[in-house]
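Geometric and topological summary
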Amino acid sequence: MANGWRFIAQRALTAEFLDWDVPLALSSNPKRSLSGPGQLSATIEPEYARLIGPDKSPILQEWGTKLYLEVDGAIRWGGILTKASYDGAKMSVECEGLTSYPHGIPYEDYLVSGELITPPDPYEGKDKNHDGYIDFSNPKRRVPDPPKPYTGPRIDAFVAFRKIWEHVLTRPYGDIGIRVDSHNLGKLLGAADGTSPWELAWWNNPDCGQALDSLTRDLPFDWVETHAWGEDHRTVEHRLRLGTPRLGRKRTDLRFADGENISAIAKPEGLGDEYANEIVVLGKGEGRAMARAQLANFDGRRLRRVSTVTDKTLSSADALRVRGQQELTGRSQALQIPAIQIVDHPNARYGSWSLGDDIRVQVHVPWVGDIDMWHRIIGDEVSADGTCVLTLKRSDSFHY
């Protein structure tokens, strides 16, 4: 392992540090992801007697151990051990970021935004002879019109996001220590007229992780989990940063170029059968009443190709258009570079970027020529040999 690298083990619930230099041999490099949990896989061989804790329990336990990668005194990756397997004296472990934890956790409460509320009619049943007057009123009084329905409170998307996380963290033995940003997105859930409330109800057995993913995808917005030493260097602070609506910025101060700091590129990708220049989005409802949107982007050079997307959670015209535009941009984009391997270089020092940043990538692609385009960093993998792999997606495929 490179100098300055070490893996640290901590009890997931008690935050007790168990080992300051876990002898992991990486099977895959630690990876961080934008709006998703990172991952890491490794092995240990042979068996180490010191990997049994003072409580006689294994230091490395599924869903019981947090692992951190520290590089030169800073935590570069953090997560929880989710799977362990054994083959003689060899132990294999798989770890995921803390944000993987809500998946598989049921939401056991009720949360609604934009509910259509019909107030009770205080005069219901008080005109039994149906003459239009209140029974036995003297002088006779006409029955007033019933109260009109109205839209109940609507909550910001980030409020709903935090409430789901709060539900996860406050269940018994569920506090993994992550803290969610407190600001709002500025987008209210549910239709303003009450026709399409946003609802999370225990009787539908919703999954907290899927609900969080759905909010992220449909609105959309970014989030990223971070891990850092506390001021006393005895605690680790876990934060879930929320974008408004996105994280990162256009990095005109960084340069990524062939022959300078790019040592390899992943095979460039086209779209093939996935290409489409027209999108039809089918939303809530059935038959002729089904919500529908249709968007196209014809360049005058390529034949019409249509893709249909069905999402029964969408009802408003705006939501349908947003989903359609996302799909259209993603399916009509040109060539993209899915990943680059870089070395530490004055062009872009190690760790100078953030997940979500837009960077200019300049490479030569055989059969295509010189490529100079903006890509967004959606993941990174650090390696002990001093290189780093950045996972990329074309910047123009994102719409917020």
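Quick look at the structure, then. Bear in mind that the values here come from a model prediction, so they are computed numbers and not experimental data.

Once that is clear, we can look at empty space enclosed by the protein. Left-over empty space is what a probe sized like a water molecule reveals as it rolls over the atoms. By the definition in use, this model includes 1 cavity of 30 Å³ or more. Each pocket or cavity is described by its volume, and for the largest cavity that value is around 40 Å³. Around the largest cavity sit Ile342, Val343, Asp344, Ala348, Tyr350, Trp353, Gly386 and Cys388, which together line it. Taken together, the residues that form the lining of the largest cavity break down as 6 nonpolar, 1 polar and 1 charged.

Looking now at the sheet that holds strand 13 (residues 223–229). An order of 11-14-13 is seen for the 3 strands of this open sheet, with the pairing classed as mixed. Two strands bound the open sheet, and with one partner strand each, they are strand 11 (178–180) and strand 13. Each neighbouring strand pair of the sheet contributes to a mean axis angle of 25 degrees, computed without reference to strand direction. On the sheet, helix 1 (residues 157–170) packs against strand 11, strand 13 and strand 14 (236–242) and is oriented at approximately 160 degrees with respect to strand 11.

Right, let's get into the side chain of Asp358. Relative to the assigned elements, Asp358 resides in strand 21 (residues 358–365). Residue Asp358 is classed as buried on the basis of its relative accessible area of 8%. Reaching out from Asp358, the side chain makes a polar contact with the side chain of Ser395 at a distance of 2.6 Å. Beyond its immediate chain neighbours, meaning those up to four positions away, Asp358 contacts Arg246, Arg249, Lys250, Arg251, Trp374, His375, Arg376 and Ser395.

Let's shift gears to the sheet that holds strand 17 (residues 278–282). Read across the sheet, 3 strands follow the order 18-17-19 without closing on themselves; strand pairing throughout is mixed. Across the chains shown, the open sheet's two edge strands, defined by having one partner strand only, are strand 18 (292–296) and strand 19 (306–310). Between one strand axis and the next, the sheet turns through 15 degrees on average, direction left out of account. Bridge count for strand 17 against strand 18 is 5 bridges, and the pairing is antiparallel.

A separate point is the environment of Leu111. Checked against the element boundaries, Leu111 lands in strand 8 (residues 110–113). Classification of Leu111 by relative accessible area gives buried; the value is 9%. As for Leu111 and Ile134, which are separated by 23 residues in sequence, their C-alpha atoms are 39 Å apart. In contact with Leu111, other than residues within four places in its own chain, are Ile155, Ala160, Lys163, Trp198, Glu199 and Leu200.

This part covers helix 1. In this model helix 1 runs 20 Å from its N-terminal to its C-terminal C-alpha over 14 residues, within 8% of the 20 Å that 1.5 Å per residue would give. Of all 14 residues in helix 1, 10 are buried, a share of seventy percent or more. Within helix 1 the residues assigned to the buried category are Ala157, Phe158, Ala160, Phe161, Arg162, Ile164, Trp165, His167, Val168 and Leu169. Contacts from the buried residues of helix 1 go to strand 8, strand 11, strand 12 (198–201), helix 2 (208–218), strand 13 and strand 14. With a side-chain oxygen positioned 2.9 Å from the backbone nitrogen of Phe158, the residue opening helix 1 is Asp156.

What follows deals with the packing of aromatic side chains. Across all of its chains, the model carries 9 aromatic pairs by this definition. An angle of 20 degrees between the planes, with centres 6.2 Å apart, marks the rings of Trp20 and Trp229 as stacked. Here the residue Trp20 occupies a position in the loop between strand 2 (17–19) and strand 3 (25–33), and Trp229 occupies one in strand 13, the gap between them amounting to 209 residues. Ring geometry for Phe158 and Phe221: centres 4.8 Å apart, planes at 80 degrees, overall edge-to-face. Within this pair, whereas Phe158 is found in helix 1, its partner Phe221 is found in the loop between helix 2 and strand 13, the two being separated by 63 residues in sequence. For Phe158, a relative accessible area of 0% corresponds to the buried category. Judged by relative accessible area, Phe221 falls into the buried class, the value being 2%. An aromatic cluster is present here, built from Phe17, Trp20 and Trp229 joined pairwise through their rings. A cation over a ring is seen here: Lys250 above Trp374, with NZ or CZ 4.6 Å from the ring centre.

Considered for burial, the residues of helix 2 that qualify are Cys208, Gly209, Ala211, Leu212, Leu215, Thr216 and Asp218. Tucked inside the fold, the buried residues of helix 2 contact helix 1, strand 12 and strand 13. Of the residues flanking the start of helix 2, the one acting as N-cap is Asp207, its side-chain oxygen 2.9 Å from the backbone nitrogen of Gly209.

Looking at where Ile8 falls in the secondary structure, it is placed in strand 1 (residues 5–11). Measuring from C-alpha to C-alpha, the distance between Ile8 and Lys66 comes to 8.2 Å, with 58 residues separating the pair along the chain.

This paragraph deals with the side chain of Glu70. The residue Glu70 is located in strand 5 (residues 65–71) in this model. We classify Glu70 as buried; its relative accessible area is 6%. Here Arg6 takes part through its side chain, which lies 2.5 Å from a polar atom of the side chain of Glu70. Within the local environment of Glu70, its side chain forms a polar contact with the side chain of Trp229, the two groups lying 3.0 Å apart.

When its volume is computed, the largest pocket comes out at roughly 780 Å³. What lines the largest pocket is a set of 26 residues, and nearest its centre among them are Gly190, Trp198, Thr313, Leu314 and Ala319. Elements that contribute at least two residues to the lining of the largest pocket include exactly strand 12, helix 2 and helix 3 (317–332). Broken down by element, the residue count for the lining of the largest pocket peaks at 4 residues, all from helix 2. Classifying every residue of the lining of the largest pocket by side-chain character gives 13 nonpolar, 6 polar and 7 charged.

The rules behind these values
Residues numbered from 1 in each chain as written. Predicted model: local features only at pLDDT ≥ 70, side-chain atom pairs only at ≥ 80, totals over all residues. Heavy atoms only, no water. 1 Å grid on protein atoms, 1.4 Å probe; cavity = no way out; pocket = protein on both sides within 12 Å on 5 of 7 lines; lining within 4 Å. Points joined across faces, edges and corners; volume = space filled by probe spheres on them. Nonpolar A, V, L, I, M, F, W, Y, C, P; charged D, E, K, R; others polar. Pairing = 2+ DSSP bridges. Helix = DSSP H or I, 4+ residues; strand = E, 2+ residues; numbered from the N terminus. Axes fitted to C-alpha atoms, helices over the stretch in contact; angles between N-to-C directions. Contact = heavy atoms within 4.5 Å. Buried < 20%, exposed > 50% of the residue type's maximum accessible area, 1.4 Å probe, protein only. Polar contact = N/O pair within 3.5 Å; in protein donor to acceptor, adjacent residues only side chain to side chain. Expected span 1.5 Å × (residues − 1). Phe/Tyr/Trp six-rings, centres within 6.5 Å; stacked < 30°, edge-to-face > 60°. Lys NZ or Arg CZ within 6 Å of the ring centre and 35° of its normal.

Geometry only, nothing functional implied.
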